Amino acid sequence: MNYASVLVDVSVRQTDRAFDYAIPNRWEDAVQPGMRVIVPFGPRKVQGIVLAVKDHTSVSKVKEIGEVLDVIPVLTEELLLLGTYLSEETLCFLITAYQAMLPTAIKAVYKKFVRLHSKESIDYLPEELQAIFTHLERREWSELEELVSKITTVQRAIKEGLLEVDYEVKNKANKKVERVATLLEVFDHEANSISSPQQRDIIEFLRLNGQTSIKELKERLGITESPIKTLQKNKVINVHSIEVYRDPYVNKQINRTSPLPLVDEQKNAYEKIATSISNNEHKVHLLHGVTGSGKTEVYLQTIQNVLNLNKEAIVLVPEIALTPQIVERFKGRFGNDVAVLHSGLSIGEKYDEWRKIQRKEVKVVVGARSAIFAPFENLGLIIIDEEHETTYKQDEHPRYHARDVAIWRGNYHSCSVVLGSATPTLESYARAQKGVYELETMEKRVNQDALPTVEVVDMREELHRGNRSMFSTALHEKIEDRLQKKEQIILFLNRRGYSSFVMCRDCGFVIQCPHCEVSLTYHKNTHRLKCHYCGYEEHMPKVCPSCQSDYIRFFGTGTQKVEEAIYQQFPEARVIRMDNDTTSRKGSHEKMLKQFGNGEADILLGTQMIAKGLDFPKVTLVGVLAADSSLHLPDFRASERTFSLLTQVSGRAGRHDLPGEVVVQTYTPEHYSIELAKDQNYLDFYEQEMKIRRNFHYPPYYYLVLISISHQDLMKVVKVSEQIAIYLREHLSNKSIILGPVSSPIPKIKDKFRYQCVIKYKYEPALHAVLTKIQQFYQEETDKGQLQITIDFQPTMFM
DNA sequence: AGCACGCCGACT
DNA sequence: GTCGGCGTGCTC
C-alpha cells in the first residue's frame, strides 16, 4: 500500500475528486482511509482526507504526502460511505459533505508566509523590503500586503529568489493541554530529607492526591512555580503535559435520577421499540405523544436498554430546545456517559465533546442537527425529538435533513430510529399510516393532568369595542389574576413577519432596505433601522423620505414594544424578555431561564425560543399575542407551523398540579389550524391539511425541489430562470409539475435579484442527472461568482 | 480556491 | 521594450 487517494480541502467542482499521492515509507502502515493529511497541491499545501490506500497508481507524477495529521481516522468507514450518499443526494461536493461531519476545530486554516532566502539576500532587496525583513525574517503574506506600498515588489523579489514562500496548515483549535506534576516513586519516602517547607508540602500533597495540575498545586498550597521547578530540576517530581477536556458542565452538580414508572401508553411504546432493538431491526418508530405525555422518559429508558446491550445512542434535539433542563435530564440518568453538542459551546468545547465520542469514552450523544454525524461505530438507537422542527434541515450545503441521515445510519447499523413529536410532520405521519413507519401514540398526559383550556380571542372584535392595546380584555384580566396569585405567565410573540417596520401615516411609505427589498426593522435602543437579512443599518428619519411629512412612525410589535406595554399596564410585574437581542451573549439564555425558574420574575416574554421543552411548574397562563402572524407567510407549510407552534406553546401551561390556561389572540379565529390547535386535535388537523396538500400537489403527495437563481442583473436572472424552466419541462416526465420561474418571496437580497423554480414530482428517476446537467451548464458563470444557482431538495423555506 | 501562465494595452 | 491588467486552465 504505497499510494493514497486523497480528497483535497478545496470545494470547487474541478477538485471534487480524489488525487493520488505516494505514501513515504515511514508512514506506510500508518495511513488509513478517513485520516487527515497535508499534501502539496500545486504550489501550496492543503489539508485532505484519505479516501483509500492502494498499491498502484495510474498517475505518473505523484507527489508525496507531506504530513499525517491523525493516528485514528476522523471519519469511520461508515461516515466515508455516508458522505458519498450525501453528496449524491444533495448535489454537493464530497469534501463539503465530510466537512459537515467534522467539528470546526479540525478544519484547516491556511497561512502564507514570505521569508528571506538566506541571510545575505537582504542586501539585494529593495530598501522598503530591507526595512521589513531586518527585524523579522519571516512575515505573513496578509501582513506584508499592508506593510508594503506595492505587493508586486514582493512578488518580484520572490521571482528573483531573494524571498521564499512557504505555507502553513493549522487547525482552528487545538487540544487543550495542562501541565501536571507527578511524584517520582524513588522519592516517595524521602520527603523528610528535604528541608524546604514548601517543597515538602508539594511532595506531601502529591503523595496524597497523586498526579495534580500545576495550576491546582499553586492554588491549593499558595506557592509560586519556583519550588516546583526546583523539585523538577532535582528529579524529585516529574512535570509533563496531558490532554484535558474543556468541560462546560464541570462545575455543575447534577443529581442522578432513576427510571420513573411508565404509564400504560409509555410502556406500550417502550416495548414496541424494545422489540425492534432486541431483534436488531432497522425500523422507524414515529412516537406521537401530546405535550406532557412523557416522551423523554420513554427515550431515557430506551437508551438504557441500548446501553445494556453495549451499544450507543444518538439523541437529536432542536437547538432552541437544547436547554440546560433537557441536558440535565440526560446527564442525570447517564452521568459521564453523555456528550453534549450544541452551538452554545466554543469551538474547543465542541471538539472536546466530539473527541469523547471518537475515543469511545461516552455512549450517548445529545445534540443539535450535526450530532447525527457522531462517529459511533456500534450504534443501537437514534432518537429525533420534536421531529417536525425545521432546524433539522440544514439551509446551506450540504442541504441534508437529519431525519434522512438518521434513517441511513439506522439502516447501516441495523438499528431503530425513533421520531418523536406532538405534531409530527405530515410526511412522517403519512408514512406511519402507510405502514412505512411504526406508529406509537401517547394521548394522555402522564400525571393525568387535563390539557390546558385554550381560549381563542378574536382581536377584530376587541378593536371594534375600542380596545387598541395589544392585550385583549380576557388576557389582561387573566394576567392581573396571576400576578395577584403570584403564579407565573409566559407571553409568546411569534416575531417573524411581525417586526416593527416604519411607515409614513401621511403617504403610506414604508422604509425598506435598499439592498434586499424587505422592510427595515426599528430598534429602539439604538434608534436605528436595521435589515434582518443583510445587516444594513440607517438612522430613523425625522421626516418621510417620500413626502417629507413628519408623521413617520413605527408599526408592528416587537418584544421590546410588548415589554413596554406590560410595564405600562402592569407596573408591578417583573418581566424577563428573551429574544435575539437579549440572549446573544453566551450563557445568558440559560441564566434567564434559571431566573424565571427561581421565581425571580412573573412574566417570561419571548419569541420561538421559549416555546420548546421548558417546564416551569408555576406557569399557569400562556398568552399567544398574535397567533396568525405565522399564518400569512408565503409558504405552504404556514398552517402546519402555526398549528404546531400553538400546540407546543399551549403545552407549556399547567404541567403540574396547578391547572393551566392558554389565551390565543388572533385576527382569524375561524382558521382550522387555530381552531384545531385549541383542542390539540392533531388527527383532524392532519386530515384537513392532507386534503389541501393533495389538491395543491404538495408534500407528502409530491416531493419538491427548489431551484433558486440570483444575479445582480435582473434581466440575467429572468433569462437564466426561464432557460432552466424550459429545460426542466423538456427533460422531466410530464407527470412532474414545474412551477415558475417566479420572483422569490424576498425578491432581492444584498443587491442580487432572486428568482425561483419549483419542481413537484412523485417519481423522477432522471431528476439528479437533469439537475446536475443544469449545474454543469451554468458552471462557468457560477464559478465566477456573479450568477448563483442553488438546488434544494425537500426545502423547508421558500424565502 | 489559489496560483501560474500567457496574451494584450500603457508606460519608462 | 517592460509592466501589469485579467482571462484560462491546472492542481496527484
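Since we're looking at a predicted model, the values are computed, not measured.

### With respect to the protein's contact with DNA strand C
- In the region of DNA strand C, 16 residues are neighbours, and D20, P40, G42, K61 and K63 sit closest.
- Each atom of DNA strand C within 4 Å of the protein was assigned to sugar, phosphate or base; sugar and phosphate come to 48%.
- Residue Y21 places a side-chain N or O atom 3.2 Å away from a phosphate oxygen belonging to DNA strand C.
- At 2.3 Å, a side-chain N or O of K63 approaches a phosphate oxygen of DNA strand C.
- Only β2 (18-22), β3 (36-41) and α5 (151-159) provide two or more residues apiece to the surface near DNA strand C.
- Top element by residues in the surface near DNA strand C is β2. It accounts for three residues.
- The class makeup of the residues in the surface near DNA strand C is six nonpolar, four polar and six charged.

### Quick word on the protein's contact with DNA strand B
- For DNA strand B, the full set of nearby residues is V10, V12, Q14, P43, R44, K112 and Y167.
- Near the protein, meaning within 4 Å, the atoms of DNA strand B are sugar or phosphate in a fraction of 65%, with bases accounting for the rest.
- Within the side chain of R44, an N or O atom sits 2.8 Å from a base nitrogen of DNA strand B.
- Here a phosphate oxygen of DNA strand B sits 3.2 Å away from a polar atom, N or O, in the side chain of Y167.

### Re the environment of E328
- Structurally, E328 is set in helix α11 (residues 324-334).
- When sequence neighbours within four positions are dropped, the list of residues in contact with E328 reads K252 and I254.

### Looking at the sheet that holds strand β16 (residues 364-367)
- The strand order β15-β16-β14-β17-β18-β13-β19 describes an open sheet built from seven strands, whose pairing is parallel. Edge positions in the sheet fall to β15 (338-341) and β19 (438-442), since each of these pairs with one other strand and no more. On average, adjacent strands in this sheet sit at an angle of 15 degrees to one another, irrespective of strand direction.
- One ladder, built from five bridges, connects strand β13 (residues 284-289) with β19; its direction is parallel. Considered in β19, the bridge of H288 is made with T441.

### Topic: the environment of I151
- When you line up the elements, I151 lands in helix α5.
- Spatially, the C-alpha atoms of I151 and W141 are 9.5 Å apart, while their sequence positions differ by ten residues.
- With near-sequence residues (within four places) excluded, I151 lies in contact with W141, L144 and E145.

### Focus: the sheet that holds strand β31 (residues 703-711)
- Here four strands make up an open sheet; going across it, the order is β32-β33-β31-β34 and the pairing antiparallel. Bordering the open sheet on either side are β32 (737-749) and β34 (788-793), each of which pairs with just one other strand. Here the average twist between neighbouring strands, direction ignored, is 20 degrees.
- Sitting on the sheet, helix α23 (residues 767-777) is in contact with β31, β33 (752-761) and β34, with an inclination near 165 degrees to β34.

### Some points on the domain arrangement of chain A
- Domain boundaries assigned for chain A yield domain 1 (3-109), domain 2 (110-171), domain 3 (264-442), domain 4 (453-496 + 558-692) and domain 5 (703-793).
- Centre-to-centre, using C-alpha coordinates, domain 2 lies 61 Å away from domain 4.

### Description of the pairing of strand β1 (residues 3-8)
- Burial analysis of β1 places five of its six residues in the buried class, the great majority of the element.
- Relative to strand β4 (residues 44-54), β1 runs antiparallel, the two sharing six bridges. Within β4, the residue paired with A4 across the bridge is V53.
- Bridge analysis of β1 against β2 gives five bridges, and the strand direction is antiparallel. Its bridge partner being in β2, A4 is matched across the sheet by Y21.

### Digging into unusual backbone geometry
- Of note, the bond from H397 into P398 is cis; its omega dihedral lies within 30 degrees of zero at -5 degrees.
- Here P398 is to be found in the loop between β17 (379-384) and α13 (402-413).
- A cis amide bond links P699 with the next residue in sequence, P700, at an omega value of 5 degrees.
- Among the structural elements, P700 can be located in the loop between α21 (682-695) and β31.
- Positioned with a positive phi, Q794 is a non-glycine residue whose angle comes to about 45 degrees.
- Structurally, Q794 can be placed in the segment after β34.
- Take Q794: its relative accessible area is 30%, and that puts it in the partly exposed class.

### What to know about helix α9 (residues 264-278)
- Here α9 is 15 residues long and its end C-alpha atoms lie 21 Å apart, about the 21 Å a rise of 1.5 Å per residue gives.
- Where the residues of α9 are buried, they touch β13, α10 (295-308), β17, β18 (416-421) and β19.

### Let's talk about the packing of aromatic side chains
- In total, this model carries 16 aromatic pairs according to the counting rule given.
- Between the aromatic rings of Y682 and Y686, the centroid separation amounts to 6.2 Å while the plane-to-plane angle is 25 degrees, which identifies the pairing as stacked. Residue Y682 and its partner Y686 are both found in helix α21; the two are separated by four residues, about one turn of the helix. No difference in accessibility class separates Y682 from Y686, as the two residues are buried.
- In textbook terms, an aromatic cluster arises when at least three aromatic residues are bridged by ring pairs, as seen for Y429, F643, Y672, Y682, F685 and Y686.
- The ring centre of W27 lies 4.3 Å from the NZ or CZ of R26, which sits over that ring.
- The ring centre of F113 lies 3.7 Å from the NZ or CZ of R138, which sits over that ring.

Cut-offs and rules
- Residues numbered from 1 in each chain as written.
- Chains lettered and ligands numbered in written order.
- Predicted model: local features only at pLDDT ≥ 70, side-chain atom pairs only at ≥ 80, totals over all residues.
- Heavy atoms only, no water.
- Near = heavy atom within 4 Å.
- Polar contact = N/O pair within 3.5 Å; in protein donor to acceptor, adjacent residues only side chain to side chain.
- Helix = DSSP H or I, 4+ residues; strand = E, 2+ residues; numbered from the N terminus.
- Nonpolar A, V, L, I, M, F, W, Y, C, P; charged D, E, K, R; others polar.
- Contact = heavy atoms within 4.5 Å.
- Pairing = 2+ DSSP bridges.
- Axes fitted to C-alpha atoms, helices over the stretch in contact; angles between N-to-C directions.
- Domains from an automatic or database assignment.
- Buried < 20%, exposed > 50% of the residue type's maximum accessible area, 1.4 Å probe, protein only.
- Expected span 1.5 Å × (residues − 1).
- Phe/Tyr/Trp six-rings, centres within 6.5 Å; stacked < 30°, edge-to-face > 60°.
- Lys NZ or Arg CZ within 6 Å of the ring centre and 35° of its normal.

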